[in-house]
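One-letter residues, chain by chain:
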Amino acid sequence: MSTTKKSYGKLIAFIVAVVLIITCACLLIFLPRKQTANAVMECSINPQVQFVLDTNNKVMYVNYLSGDAEYLLSDEELEGKSAQDAAQIFVQLCLESGYMDVNTTNGRVDVTIYCENTQSVEDLSQDVVESINKCFDENGVIAGAVANIKENLEEALHNISSQIEDVADLTFQEILNLITKTSEDIKDISWTLRTQLFETIQQLKNSDIFNNIPTLEETVDNLQQQINDSNLPESVKDELNNQLESAQQQLNTLMEQLNDEIDKVIEELRQQSIELFEQAKAFINQKIEDYRQTFEQHKQYFEQHKEAVQAAIEAYRNTLNQ
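Since the structure is predicted, the reported quantities are computational estimates derived from the model, not experimental observations.

Thresholds applied
- Residues numbered from 1 in each chain as written.
- Predicted model: local features only at pLDDT ≥ 70, side-chain atom pairs only at ≥ 80, totals over all residues.
- Heavy atoms only, no water.
- pLDDT = per-residue confidence, 0-100.
- Contact = heavy atoms within 4.5 Å.
- Salt bridge = Lys/Arg side-chain N within 4 Å of Asp/Glu carboxyl O.
- Buried < 20%, exposed > 50% of the residue type's maximum accessible area, 1.4 Å probe, protein only.
- Axes fitted to C-alpha atoms, helices over the stretch in contact; angles between N-to-C directions.
- Helix = DSSP H or I, 4+ residues; strand = E, 2+ residues; numbered from the N terminus.
- Parallel < 35°, antiparallel > 145°, perpendicular 65-115°, else oblique.
- Nonpolar A, V, L, I, M, F, W, Y, C, P; charged D, E, K, R; others polar.
- Core = buried A, V, L, I, M, F, W, Y, C linked by side-chain atoms within 4.5 Å.
- Pairing = 2+ DSSP bridges.

Quick word on the confidence of the model for the protein
Line of reasoning, step 1. Here the protein averages 89 in pLDDT, and 89% of its residues register 70 or above.
Line of reasoning, step 2. Throughout residues 23-33 the model reports pLDDT below 50, and contacts reaching past four residues in sequence, or to other chains, amount to two contacts.

Listed below in structure tokens is the structure:
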């Protein structure tokens, strides 16, 4: 009887272990993983777009750098795609909509990748160029991509928000954090409303309610520096700690109130953007339809003169690589 109970107990333990393993596996597979921004990539033709990339070079955020980019990508879900695929989709849509003339003889896409460790994205830059060039090759377009890698993120930040304060003293990671935060704020907000967003945020910061925040931040920093002075008596440090706690509490309260007000503005503009994005989708669909005949005629010409077009593509691309 005891042997049977032991066997039964082992069976239950085995079943529980299997269930736990399956549960853990499902959690690892299906639960969203926290992404960390690592680099920023921009593609420029006439529409210009910015992609914030994670450590696996997957797209975290898509930031329109022009109204045309919003038209072009308003109906696309690029988050989660590889940098190469996102760039290729962008270029293919530019061709199909006529933003880049398929009959061009000198088309060019400029790709800029911003990363603190430039060597880590050298392979990525080459892969993106090859992906874009493959798009041109398949469509028989005499064009090519050129990549540039930069360490300074300031330009990328100002491309999405010209009203961001001076960041000369910030580290690469601090600016990248600002880009990530700004990208989250402008997500699902039409490009046409972006200026209104940043102007409203600035007005809030300058208002009587919140304009004391910079002073409080400076006070907190100064008190912290004084407390870190090892030569101060403990009694003085205790008093400074009390002042620090009070100042920090005031700062936290104001920041919480400010963020609540900013969130309200963001939500309001997102609601306004819904109709604008629908208009953008209708616009780009019509633009693609209007350009369809030109695009198809070009593809027919390419099929009939493939060798000559391929030779012209190679010759032109060689001039870009010099």
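Picking up after the structure, the text goes on.
Examining the pattern of salt bridges
Line of reasoning, step 1. Following the criterion strictly, the structure yields nine salt bridges and no others.
Line of reasoning, step 2. Arg108 is the partner of Asp110 in a salt bridge, and the nearest nitrogen-oxygen pair spans 2.9 Å.
Line of reasoning, step 3. The class of Asp110 is partly exposed, set by a relative accessible area of 31%.
Line of reasoning, step 4. Take Arg108: its relative accessible area is 39%, and that puts it in the partly exposed class.
Line of reasoning, step 5. Linking Asp137 and Arg317 is a salt bridge whose minimum nitrogen-to-oxygen distance equals 3.0 Å.

Here's the deal with the packing of helix 4 (residues 122-139) against helix 9 (residues 234-304)
Angle between the axes and distance between the axes: these two values describe a pair of packed helices.
Line of reasoning, step 1. For the pair helix 4 and helix 9, interaxial distance at closest approach is 9 Å and the crossing angle is 80°. With respect to helix 9, the element helix 4 is oriented roughly perpendicular. Of the residues in helix 9, those in contact with Asp137, Glu138 and Asn139 of helix 4 are Phe295, His298, Lys299 and Phe302.
Line of reasoning, step 2. The residue inventory of the contact of helix 4 with helix 9, partitioned by class, reads two nonpolar, two polar and three charged.

Considering the nonpolar core
Inside soluble globular proteins, nonpolar side chains tend to come together where they are buried.
Line of reasoning, step 1. In terms of nonpolar packing, the biggest core is built from 43 residues, with Met41, Phe51, Leu73, Ile132 and Phe136 touching the most fellow members.
Line of reasoning, step 2. In this structure, Met41 is in contact with Val49, Gln50, Phe51, Leu53, Ala83, Ala87, Val111, Thr112, Ile113 and Val128, ignoring residues within four places of it in sequence.
Line of reasoning, step 3. Core analysis: the next-biggest nonpolar cluster, separate from the first, contains 39 residues, Leu153, Ile201, Leu204 and Leu240 among them.

Overview of unusual backbone geometry
Line of reasoning, step 1. Of note in the backbone geometry, Asn57 takes a positive phi value of approximately 60° without being a glycine.
Line of reasoning, step 2. With respect to the secondary-structure elements, Asn57 resides in the loop between strand 2 (48-54) and strand 3 (59-64).
Line of reasoning, step 3. Unlike most non-glycine residues, Asp188 shows phi in positive territory, near 65°.
Line of reasoning, step 4. Topologically, Asp188 is positioned in the loop between helix 6 (172-186) and helix 7 (194-206).

Observations regarding the sheet that holds strand 1 (residues 37-44)
Line of reasoning, step 1. Taking strand neighbours across the sheet as the criterion, the five strands line up as 3-2-1-4-5 in an open arrangement whose pairing is mixed. Of all strands in the sheet, those with a lone pairing partner are strand 3 and strand 5 (143-150), marking the two edges. Direction aside, neighbouring strands of the sheet carry axes that sit 20° apart on average.
Line of reasoning, step 2. The pairing of strand 4 (residues 107-114) with strand 5 spans eight bridges and is parallel. The residue of strand 5 that forms the bridge with Arg108 is Gly144.
Line of reasoning, step 3. Where helix 10 (residues 306-321) meets the sheet, it contacts strand 4 and strand 5, and its direction lies at approximately 20° from that of strand 5.

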